[in-house]
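Each chain, written out:
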Amino acid sequence: MNKRLRNGLLLLILTPFLQQCIATTQDVQNTNLRVRYVDQEVKQIREGILREVQARQAKVDNRLDSLHTDLLGLKGQMEENAYNNRRLHEENKEMLAGLRDQAARQGRSRDQRLARLDKKLSRLDKLLARQDSRLAGQDDRLTRIETMISRNQGEIESIKKARAREAVERAMEAARAVEEARKARELARVTKTKKGVPELIPDKHKKKVSPGIGEKPPVKSIQDPGQGLYDKALDLFRQKKYQAAHDGFAAYLDKNPNGKLKVNARFWMGDSLFNQQEYELAILEYQKVISDFPYHAKAPAALLKQGLAFEKLGDRETARIVLRKLVAEYPKSDQAGVARKRLRKLK
């Protein structure tokens, strides 16, 4: 290859001379010098190329050694991974077999539990069916009982009204008897003066009063030991806690049956029941005031409230009788004026 390169260079150099076909000694010497120079250049180029090729060869060898080492490492790692994969595969096969056995056992156990639950549900369905039949029978009985209670309540309401009317009638009879007895006592007390003129001794116990409808009793009385109970019950009444007020007045009467405020307590008990729409019971409480304490300030108020209670119950006829009695026996009372207005509306 070097020989060819040299011959080519010689041909290149000699070409001008060959073209002129004239060659001198000096030209030959110059040509030889040029050839030697070219040979040196070629030698240097060849040595440079050789050194470069050797360096590259060394680098390639080093790279090949490194790649060979890496390849051996990868091969070892691949063999290790293959071994680990085979081992994991075997372990997975064993685990999968165990899981299948466990699932099969659990499936059998679950089937057994489901079968037991089905039996229990079947029994529960039967029990519920029997209970439903019992409840249906109980519903029928409850319906009949509610019907009976409804009829009984109607009868009880009628009985209460009848009792209230009877109480009013008894009170009116008692009032007439008291009036007749009073007249008899007055006739028995008639005396003659020196001039022969009879003098009537007035009844010291009769005292006509005309309090207002909403008259409040005295708040404090030092002589009444139950004043605290009474005041507490009255405060409850003013707060519209009527059931608690009723119980408070009842407690006062239990502990102080002869207290100075017993008539007032009885009247407020009636008002507590009236405000709870317990009109029949209120009528009976008012009647105790009317019958037992006809000369007390609360008597005309009790008569008025009694008439209003009968009106609330729809018994207008009895309401008129009670209001007429109030006008007749307490004509100058404030309650009598209210009763006259109510009588005009009840006609």
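Please refer to the structure higher up on the page.
Remember, predicted model here, so these are calculated numbers, not experimental data.

Quick look at the overall build of the protein now. Counting secondary structure elements, the protein contains 9 helices and 2 strands. Mapped in sequence order, the helices and strands of the protein form the string α-α-β-β-α-α-α-α-α-α-α. In the protein, which comprises 347 residues, the share counted as buried stands at 24%. Summarising the internal contacts of the protein: among those between residues at least 6 apart in sequence, 54% fall at separations of at least 24.

Remark: helix α5 (residues 262–275) packs on helix α7 (residues 298–312), axes separated minimally by 11 Å, with the N-to-C direction vectors making an angle of 15°. Classed by the angle they form, the pair α5 and α7 counts as roughly parallel. Considering only the axes of α5 and α7, their crossing is left-handed. Where α5 approaches α7, its residues Val 263, Asn 264, Phe 267, Trp 268, Asp 271 and Phe 274 are matched on the opposing element by Lys 298, Ala 301, Ala 302, Lys 305, Leu 308, Ala 309 and Lys 312.

This part covers unusual backbone geometry. Even without being glycine, Lys 240 reaches a positive phi, approximately 65°. Its place among the elements puts Lys 240 in the loop between α3 (227–238) and α4 (242–255). With a phi close to 65°, Gln 277 is a non-glycine residue in the positive phi region. By the element assignment, Gln 277 lies in the loop between α5 and α6 (279–292). A relative accessible area of 58% means that Gln 277 is categorised as exposed.

Glancing now at the pattern of salt bridges. Scanning the entire structure with this criterion turns up 7 salt bridges. Two residues, Lys 288 and Glu 285, come together in a salt bridge whose shortest N-O distance is 3.7 Å. With Lys 288 and Glu 285 both in helix α6 and 3 residues apart, this pair spans about one turn of that helix. Each of the salt bridges in this network shares a partner with another, and the network as a whole consists of Arg 266, Glu 285 and Lys 288.

Here the focus is the packing of aromatic side chains. Enumeration over the complete set of coordinates arrives at 7 aromatic pairs. The interplanar angle of 70° and the centroid separation of 5.4 Å between the aromatic rings of Phe 237 and Tyr 242 together place this pair among those described as edge-to-face. Exposure class is identical for Phe 237 and Tyr 242. Each is buried. Taking the centre distance of 5.7 Å and the plane angle of 45° together, the rings of Phe 267 and Tyr 286 count as tilted. Of this pair, Phe 267 sits in helix α5 while Tyr 286 sits in helix α6; the two residues are 19 residues apart in sequence, bridging distant segments of the chain.

Relative orientation of the contacting elements α5 and α6 amounts to 165°, with a least axis distance of 8 Å. One way to sum up the angle between α5 and α6 is to call them roughly antiparallel. For the crossing formed where α5 meets α6, the hand is left-handed. Note on element contacts: α6 touches α5 through Tyr 279, Leu 281, Ala 282, Glu 285, Tyr 286, Lys 288 and Val 289, opposite Val 263, Arg 266, Phe 267, Met 269, Gly 270, Asp 271, Leu 273 and Phe 274. In the contact of α5 with α6, the residues fall into 10 nonpolar, 1 polar and 4 charged.

Turning next to the nonpolar core. For soluble globular proteins, the rule of thumb is that nonpolar side chains tend to be buried together. One finds Tyr 230, Phe 249, Phe 267 and Trp 268 to be the most contacted residues of the largest nonpolar core, which totals 41 residues. Of all elements in the fold, only α3, α4, α5, α6, α7, α8 (316–329) and α9 (334–346) reach the threshold of two or more residues within this core. In contact with Phe 267, not counting residues within four places along its chain, are Tyr 286, Val 289, Lys 298, Ala 301, Ala 302 and Lys 305.

For α3, spanning 12 residues, the distance from its first C-alpha to its last is 16 Å, which sits close to the expected 16 Å at 1.5 Å a residue. What α3 keeps buried is the set Gln 227, Tyr 230, Asp 231, Ala 233, Leu 234, Leu 236 and Phe 237. On the buried face of α3, the contacting elements are α4 and α5. Remark: Lys 240 follows α3 within two positions and exhibits a positive phi of approximately 65°.

Glancing now at α5. Taking 1.5 Å as the rise per residue, α5 with 14 residues should run 20 Å; its terminal C-alpha atoms sit 20 Å apart, in good agreement. Turning to α5, its buried residues are Val 263, Asn 264, Ala 265, Phe 267, Trp 268, Met 269, Gly 270, Asp 271, Ser 272, Leu 273 and Phe 274. Those residues of α5 that are buried lie in contact with α3, α4, α6 and α7.

On the surface, a cluster of nonpolar side chains totalling about 270 Å² of accessible area is made up of Ile 45, Ile 49 and Val 53. Looking at where Ile 45 falls in the secondary structure, it is placed in helix α2 (residues 25–188).

Parameters and conventions
Numbering of residues starts from 1 in every chain and runs along the sequence as written. Only residues with pLDDT of 70 or above have their local features reported here, since the model is predicted, and side-chain atom pairs are shown and tallied only from 80 upward, although totals for entire chains, interfaces and linings are computed over all residues. Where side-chain values are given, they derive from all heavy atoms of the structure, hydrogens and water being excluded. Numbered from the N terminus, helices here are DSSP runs of H or I no shorter than four residues, and strands are runs of E no shorter than two. Categorising residues by exposure relies on relative accessible area from a 1.4 Å probe, with only protein chains included: less than 20% of the type maximum marks a residue as buried, more than 50% marks it as exposed, and the intermediate range marks it as partly exposed. Whether two residues touch is decided by their heavy atoms; if any such pair falls within 4.5 Å, the residues are in contact. Lines fitted to the C-alpha atoms define the axes, with helices restricted to the stretch that makes contact. Angles between their N-to-C directions range from 0 to 180 degrees. For classification purposes, an angle smaller than 35 degrees is called roughly parallel, one larger than 145 roughly antiparallel, one from 65 to 115 roughly perpendicular, and anything else oblique. Crossing handedness: left-handed means the near helix sits turned counterclockwise from the far one by under a right angle, and right-handed means the same turn made clockwise. The salt bridge definition used is simple: a Lys or Arg side-chain nitrogen within 4 Å of an Asp or Glu carboxyl oxygen. Two aromatic rings, drawn from Phe, Tyr or Trp (for Trp, its six-membered ring), form a pair once their centres lie within 6.5 Å of each other, and the interplanar angle then sorts them: stacked below 30 degrees, edge-to-face above 60, tilted otherwise. Residue polarity follows a fixed list, in which Ala, Val, Leu, Ile, Met, Phe, Trp, Tyr, Cys and Pro are nonpolar, Asp, Glu, Lys and Arg are charged, and the others, Gly among them, are polar. The set of buried Ala, Val, Leu, Ile, Met, Phe, Trp, Tyr and Cys residues whose side-chain atoms join them within 4.5 Å is what this entry labels a nonpolar core. By this rule, a helix spans an expected 1.5 Å times one less than how many residues it contains. Each patch groups residues whose relative accessible area exceeds 30% and which form no salt bridge, using 9 Å between like charges and 5 Å between nonpolar side chains of Val, Leu, Ile, Met, Phe, Trp and Tyr. Computed with a 1.4 Å probe, the accessible areas rest on the Shrake-Rupley method; for each residue, only the protein chains presented here act as cover.

These figures capture arrangement, not role.
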